[in-house]
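Below, each chain spelled out in residue letters.
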Amino acid sequence: MIEFVIPGRPVPAVRMTQKSMYVNKYAKRYLAYKKQVGWIAKQHYKGKPTDKPIGVNITLYINGGNHGDIDNYAKSLTDSLNKIAYVDDKQIEIMNLKKMKCEKGEDRAEMSVYELDSLGNTVNH
């Protein structure tokens, strides 16, 4: 259905309040990353958001330093595709998620999203 690469260091989801989203530097960085992911996804997927069950493959390439929780990275990426590739990320029934080390300057997230049939098998388009 859709495959794309988000260049730059992946950003994990953060907890935030209505107030902190405007003042907390981590919340601002997270919201900017979600917007970037959404724009890149829109460049690769021109269809209407599907309402069918979804499978997602995510590979994170992160260089050095402190790595966030893997599930928070997934949340930032899957939330970004709401109303773009699918109606809501609660449609995701299968997720394959990997975090890999990489060389400096090669940080990125690679993502693919695909539809599933009623038995959980990949639908070929």
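For the structure itself, look to the data block above.
Residues numbered from 1 in each chain as written. Predicted model: local features only at pLDDT ≥ 70, side-chain atom pairs only at ≥ 80, totals over all residues. Heavy atoms only, no water.

Engineer: Could you clarify how one ought to interpret the pattern of salt bridges in this entry?
Structural biologist: With the rule as written, the count across this model stands at 3 salt bridges. The partner of K75 in a salt bridge is D79, with the nearest N and O atoms 3.0 Å apart. With K75 and D79 both in helix α3 (residues 70-80) and 4 residues apart, this pair spans about one turn of that helix. Given a relative accessible area of 40%, K75 falls into the partly exposed group. The class for D79 is buried, based on a relative accessible area of 14%. Measuring nitrogen to oxygen at the nearest pair gives 3.0 Å for the salt bridge that ties E110 to R108. Overall, the relative accessible area of 22% leaves R108 in the partly exposed class. (Salt bridge = Lys/Arg side-chain N within 4 Å of Asp/Glu carboxyl O. Helix = DSSP H or I, 4+ residues; strand = E, 2+ residues; numbered from the N terminus. Buried < 20%, exposed > 50% of the residue type's maximum accessible area, 1.4 Å probe, protein only.)

Engineer: Looking at this structure, how should I read the nonpolar core?
Structural biologist: As a rule of thumb, nonpolar side chains are buried together in soluble globular proteins. Membership of the largest hydrophobic core comes to 27 residues, with the highest contact counts inside it found for F4, I6, L77, L81, M111 and V113. When contributions to this core are tallied by element, the ones reaching two or more residues are β1 (2-7), α2 (25-44), β2 (54-62), α3 and β4 (108-115). Contacts of F4, omitting those with residues within four sequence positions, involve V37, I40, A41, H44, L81, A109, E110 and M111. (Core = buried A, V, L, I, M, F, W, Y, C linked by side-chain atoms within 4.5 Å. Contact = heavy atoms within 4.5 Å.)

Engineer: How do you make sense of the packing of α2 against α3 when you look at a structure like this?
Structural biologist: It is the contact of α2 with α3, at a shortest axis distance of 8 Å, that shows an interaxial angle of 50°. Put simply, α2 runs oblique to α3. Crossing angle aside, the handedness with which α2 passes α3 is right-handed. Here α2 contributes Y30, Y33, K34, V37 and G38 to the contact with α3, which in turn contributes S76, L77, D79 and S80. In the contact of α2 with α3, the residues fall into 4 nonpolar, 3 polar and 2 charged. (Axes fitted to C-alpha atoms, helices over the stretch in contact; angles between N-to-C directions. Parallel < 35°, antiparallel > 145°, perpendicular 65-115°, else oblique. Left-handed = near helix turned anticlockwise from the far one by under 90°. Nonpolar A, V, L, I, M, F, W, Y, C, P; charged D, E, K, R; others polar.)

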